[in-house]
Amino acid sequence: DTAVSQTPKYLVTQMGNDKSIKCEQNLGHDTMYWYKQDSKKFLKIMFSYNNKELIINETVPNRFSPKSPDKAHLNLHINSLELGDSAVYFCASSQNPWGSLDTGELFFGEGSRLTVL
Amino acid sequence: AQSVTQPDIHITVSEGASLELRCNYSYGATPYLFWYVQSPGQGLQLLLKYFSGDTLVQGIKGFEAEFKRSQSSFNLRKPSVHWSDAAEYFCAVETQAGTALIFGKGTTLSVSS
């Protein structure tokens, strides 16, 4: 039973299209994240939600819109896709973002590889 | 701003040889420190973490890391590398401000027979 699952695993689309990536965690965690891994494997935080509330919103184009319908789900919608959006997008979760000894231990999904043509 | 540096982009080690992957961080206080491993086509898996206390921490798969405050380093070691250790290794830090993990750019480990 996968702890953090993302769909789809692969996504190939044309420039200008709109696409979504879904993420679900069954760990009972309060906090979820989206990370982007570029072609050089550099991982950068995009968003973080704690109990459905946005707590981290890095400098990301507003074409990217996260949505958290409940604390077990965090979806990523991307409008007007551009070539530079091609990357692997990782969803992750953690128990609590602040103050506890569990801080920072992330559980990652397997990633969603987005290719924009 | 906080940052993490992994000076080695790619390292090749013979199977059975020892390994050390370097990580340096920039932060005024002691952050929470982590090492993650990413196997090809997979997500990241936590190897070990340091919050406080003993500066030598043990992790999974036979890995250990040592925190050295004077050098702002958190180097990962393994005494004898196995071919299955070939992967991408990421050092990461989290400050006590509650920000998300900041990752280094990773070190690719290749294991030769």
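Draft legend 1. Inspection of the state of the cysteines at higher detail. Residues and elements named next belong to chain B. By the definition in use, this model includes two disulfides over all chains. Across the disulfide, Cys23 is cross-linked to Cys91 (sulfur-sulfur distance 1.9 Å). A torsion of -65° about the S-S bond marks the disulfide between Cys23 and Cys91 as left-handed. Residue Cys23 is located in the loop between strand E3 (19-21) and strand E4 (24-26), and its partner Cys91 is located in strand E10 (residues 87-94); the two are separated by 68 residues in the primary sequence. In this pair, the class of Cys23 matches that of Cys91, namely buried.

Draft legend 2. A look at the pattern of salt bridges. Residue and element names in this part refer to chain B. Evaluated as defined, the whole model comprises nine salt bridges over all chains. Here Arg77 ties to Glu64 by a salt bridge, and the two come within 3.2 Å at their closest N and O atoms. Remark: Glu64 occurs in strand E8 (residues 64-68) and Arg77 occurs in strand E9 (residues 73-78); sequence separation between them is 13 residues. Between Glu66 and Arg77 there is a salt bridge, and its shortest N-O distance comes to 3.2 Å. Taken together, the residues span a long stretch of sequence, with Glu66 in strand E8 and Arg77 in strand E9 at a distance of eleven residues. For Arg77, a relative accessible area of 23% gives the class partly exposed.

Draft legend 3. Looking closely at the layout of surface pockets. Considered as a void within the structure, the largest pocket measures approximately 450 Å³ in volume. When residues of the lining of the largest pocket are traced back to their parent elements, those giving at least two are strand E9 (87-94) and strand E11 (112-116) of chain A together with E10 and strand E12 (107-112) of chain B. Residues of the lining of the largest pocket, tallied by class, amount to nine nonpolar, eleven polar and six charged.

Draft legend 4. The arrangement of the sheet that holds strand E8 (residues 73-78) of chain A in detail. Residues and elements named next belong to chain A. Overall, antiparallel pairing links the four strands, which are arranged E1-E3-E8-E7 in an open sheet. Here the strands that pair on one side only, and so sit at the sheet edges, are strand E1 (4-7) and strand E7 (64-70). Within the sheet, the average angular offset between the axes of one strand and its neighbour, ignoring direction, is 20°. As paired strands, strand E3 (residues 19-25) and E8 are joined by four bridges and run antiparallel to one another.

About the thresholds
Sequence order as written defines residue numbering, which begins from 1 separately in each chain. Chains carry letters from A onward and ligands carry numbers from 1 onward, assigned in written order. Only residues with pLDDT of 70 or above have their local features reported here, since the model is predicted, and side-chain atom pairs are shown and tallied only from 80 upward, although totals for entire chains, interfaces and linings are computed over all residues. To obtain the side-chain values, all non-hydrogen atoms of the structure were included, while hydrogens and water were left out. The definition used for a disulfide is geometric: two cysteine sulfur atoms within 2.5 Å. For the purposes of this entry, the term helix denotes a DSSP run of H or I that reaches at least four residues, the term strand denotes a run of E that reaches at least two, and both are numbered from the N terminus. Residue exposure (1.4 Å probe, protein chains only): buried if accessible area is under 20% of the type maximum, exposed if over 50%, otherwise partly exposed. Salt bridge, as used here: a side-chain nitrogen of Lys or Arg that lies within 4 Å of a carboxyl oxygen of Asp or Glu. Both cavities and pockets are sets of points on a 1 Å grid over the protein atoms alone; in a cavity a 1.4 Å probe fits but cannot get out, in a pocket the set is open with protein on both sides within 12 Å along at least five of seven lines, and lining residues sit with an atom within 4 Å of a point. Grid points are joined across faces, edges and corners, and a volume is the space filled by probe spheres set on the points. Residue type decides the class: Asp, Glu, Lys and Arg count as charged, Ala, Val, Leu, Ile, Met, Phe, Trp, Tyr, Cys and Pro as nonpolar, and the leftover types, Gly among them, as polar. Between any two strands, pairing holds if DSSP finds at least two bridges. Every angle, taken between N-to-C directions, lies between 0 and 180 degrees, and every axis is a line fitted to C-alpha atoms, over only the stretch in contact when it is a helix.

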